[in-house]
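Working through the structure, step by step
Spelled out from the first residue to the last, the chains are:
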Amino acid sequence: MAEYTPDSFKILLGKLVKTPEYFTPEDLKLALHHLFTPDAALPVQIGAFLAALHIGRVERRPESLAAAAEVLRARALQAAIEDGDTDFVVDIVGTGGDGHNTFNVSTTAAVVAAGAGARVIKHGSRASTSSSGSADLLQSLDCIFTAPSPGTPLPIPKVPFTFILAPHYHPALAMLAPYRKSLPFRTLFNVLGPLINPACPRGMVLGVAERELGPTFAQSLREGGVERALVDGKITEIKLHPELFGLSVHSLSSRMPGTFKALLDSGNDIPESLTPVLHFVLLNASALLVVAGLASDFKEGVALAMNSITSGNAWDALLAFRNAGMEAVKEISEPENGRA
């Protein structure tokens, strides 16, 4: 095993600063191993490295994102997915940072798609650029996130919707948190989340904050083993419009007032004031259902998603996840009580 030291990291940092065009994915992997090894890089070196990645736009290269994701997945705690080999697991997520502060559409759409028959295992965290992250929203609804133990994969039961908290599975990222918070720009690690879901979803709907990141993420998803992400082997660029879904166009500001519970727990009595939010959710859930292979086109996906809401299946999918979390906590606490 190679020895990681500040001196060996200094060589990599010098190459990145002086000739970023020649900083390869293998260089990036080696540098990340330094960052995730205690005392292998000095604080000033870590800050300089993150800044150089950003300035040199190395973090925008598909091969760099794929390399970084590979390192983090290898260091992540294992997730044991019940029927993960046979189910077509999907996820829907955004990279954040678009500045619009819209409500958490990806989580809402994930639950709606789960209520329509998709197997969704969502990977996320707490809010960093919006008013409510996935974890914040679900915790407000009394959902519990159970952390796995190193060396002991925590079984993820076969329920329609599951959420796994990123910091529980990626302890290596905790080492960098203070540095990232002190920098005035988004780093490589801000956008890696969609690529490092421990559940290894085979299908994904991914929203990016900047249009130019789209092709980069499409390539990175393919290299990371995702089979369908509105991408199927060959990468093509298309423009989606609400008309393709049979939905109306609404302004961004009209989508912010809606709340998760008001929409999903209203059955057939969805307030007219929530129509923009409803269409926002239906569009995203439809895209995920197409990726999951449950809808042949976006209009069929909208119909399935709408039925998921009005039938109560979406809300039931959330309750199933909440109940599974409570059961997991009970199972963990019982052996501990027995030892006491």
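Above this text is the structure in question.
Right, let's walk through the structure included here. Numbers given for residues are sequential positions, taken from 1 along each chain in its written order. With pLDDT at 70 or above as the cut-off, local features in this predicted model cover only qualifying residues; side-chain atom pairs require 80 or more to be listed or tallied, and sums for whole chains, interfaces and linings still use all residues. Only hydrogens and water are set aside; all other atoms, that is, all heavy atoms of the structure, feed into the side-chain values.

**A closer look at the packing of aromatic side chains**
We call Phe, Tyr and Trp rings a pair once their centres come within 6.5 Å, taking the six-membered ring for Trp, and we label the pair stacked below 30 degrees between planes, edge-to-face above 60, and tilted otherwise. All chains considered together, the criterion is met by five aromatic pairs. Taken together, a centroid distance of 5.0 Å and an interplanar angle of 55° make the contact between Phe 145 and Phe 163 tilted. Taken together, the residues span a long stretch of sequence, with Phe 145 in the loop between α6 (134-139) and β4 (154-156) and Phe 163 in strand β5 (residues 161-165) at a distance of 18 residues. The cut-offs for exposure are 20% and 50% of the maximum accessible area for each residue type, with area from a 1.4 Å probe on protein chains only; residues under the lower value are buried, those over the upper are exposed, and the others partly exposed. Assessed through its relative accessible area of 13%, Phe 145 is described here as buried. Taken together, the ring pairs in this structure connect Phe 9, Phe 23 and Phe 49 into an aromatic cluster. Elements are defined by DSSP. Helices are runs of H or I of four residues or more, strands are runs of E of two residues or more, and each kind is numbered from the N terminus.

**What about the pattern of salt bridges?**
Salt bridges, as used here, are contacts in which a Lys or Arg side-chain nitrogen is within 4 Å of a carboxyl oxygen on Asp or Glu. Applying the stated criterion across every chain yields a total of seven salt bridges. When the shortest N-O distance is used, the salt bridge between Lys 29 and Glu 26 registers 3.4 Å. Of the two residues, Lys 29 and Glu 26 both sit in helix α2 (residues 25-35), three residues apart, roughly one turn of that helix. For the salt bridge of Asp 83 with Lys 158, the shortest nitrogen-to-oxygen distance reads 3.3 Å.

**Some details on the environment of Thr 107**
Considering the arrangement of structural elements, one finds Thr 107 in helix α5 (residues 105-115). It only takes one pair of heavy atoms within 4.5 Å for two residues to be counted as in contact. Setting aside residues no more than four positions away along its own chain, Thr 107 makes contact with Lys 122, Ser 134, Leu 137, Leu 138 and Phe 260.

**Section: the environment of Phe 189**
Assignment of secondary structure puts Phe 189 in the loop between α9 (177-182) and β6 (203-207). Looking at Phe 189, the relative accessible area reads 5%, which means it is buried. Between the alpha carbons of Phe 189 and Ala 177 there is a distance of 9.6 Å; along the sequence they are 12 residues apart. Sequence-distant contacts of Phe 189, that is, excluding residues within four places in its chain, are made with Leu 32, Leu 35, Phe 36, Leu 50, Leu 72, Leu 173, Leu 176 and Arg 180.

**Quick word on the environment of Val 291**
Tracing the backbone through its elements, the reader meets Val 291 in helix α12 (residues 275-291). Taking relative accessible area as the criterion, Val 291 reaches 2% and is therefore assigned buried. In this structure, the C-alpha to C-alpha distance between Val 291 and Met 204, residues 87 residues apart in sequence, is 6.8 Å.

**Regarding the nonpolar core**
Only buried Ala, Val, Leu, Ile, Met, Phe, Trp, Tyr and Cys residues count toward a nonpolar core, and they belong to the same one when joined by side-chain atoms within 4.5 Å. One finds Val 120, Phe 161 and Leu 264 to be the most contacted residues of the largest nonpolar core, which totals 50 residues. Elements that contribute at least two residues to this core include exactly β2 (89-94), α5, α6, β5, α11 (260-264), α12, α13 (298-310) and α14 (313-339). Discounting chain neighbours no more than four positions away, the residues touching Val 120 are Val 90, Ala 110, Ala 113, Ala 114, Pro 160, Phe 161, Thr 162 and Leu 288. Judged by nonpolar contacts, the second largest core, of 38 residues, contains Ala 41, Ala 68, Phe 189 and Val 226.

**Some words on the side chain of Asp 91**
Along the chain, the position of Asp 91 falls in strand β2. Neither His nor the chain termini are counted; the positive set is Lys and Arg, and the negative set is Asp and Glu. The charged side chain of Asp 91 is buried without a salt bridge, its nearest counter-charge being Lys 122 at 4.4 Å. When sequence neighbours within four positions are dropped, the list of residues in contact with Asp 91 reads Ile 121, Lys 122, His 123, Asn 197, Pro 201, Gly 203, Met 204, Val 205 and Leu 288.

**Comments concerning the pairing of β5**
Every other side chain in a regular strand lies on the same face of the sheet, so the side chains alternate between the two faces. Most of β5 sits out of view: five of its five residues are buried. Neither face of β5 is open: one carries Phe 161, Phe 163 and Leu 165, the other Thr 162 and Ile 164, and all of them are buried. Strands pair, by our definition, only if DSSP identifies at least two bridges between them. Two strands pair when backbone bridges link them, and strand β3 (residues 119-124) and β5 are joined in this way by five bridges, in the parallel orientation. Within β5, the residue paired with His 123 across the bridge is Ile 164.

**Considerations on the sheet that holds β5**
Ordered by their spatial adjacency, four strands build an open sheet running β5-β3-β2-β6, and the pairing between neighbours is parallel. Strands at the two margins of the open sheet, each flanked by one partner only, are β5 and β6. Each adjacent strand pair in this sheet contributes to an overall mean axis angle of 20°, direction not counted. Strand direction decides the pairing type here: β2 and β6, joined by five bridges, are parallel. Each residue of the ladder has a partner; that of Val 90, found in β6, is Gly 203. Comment: axis = line fitted to C-alpha atoms, over the contacting stretch for helices; angle = value between 0 and 180 degrees taken between N-to-C directions. Across the face of the sheet, α12 comes into contact with β2, β3 and β6 while running at roughly 150° to β6.

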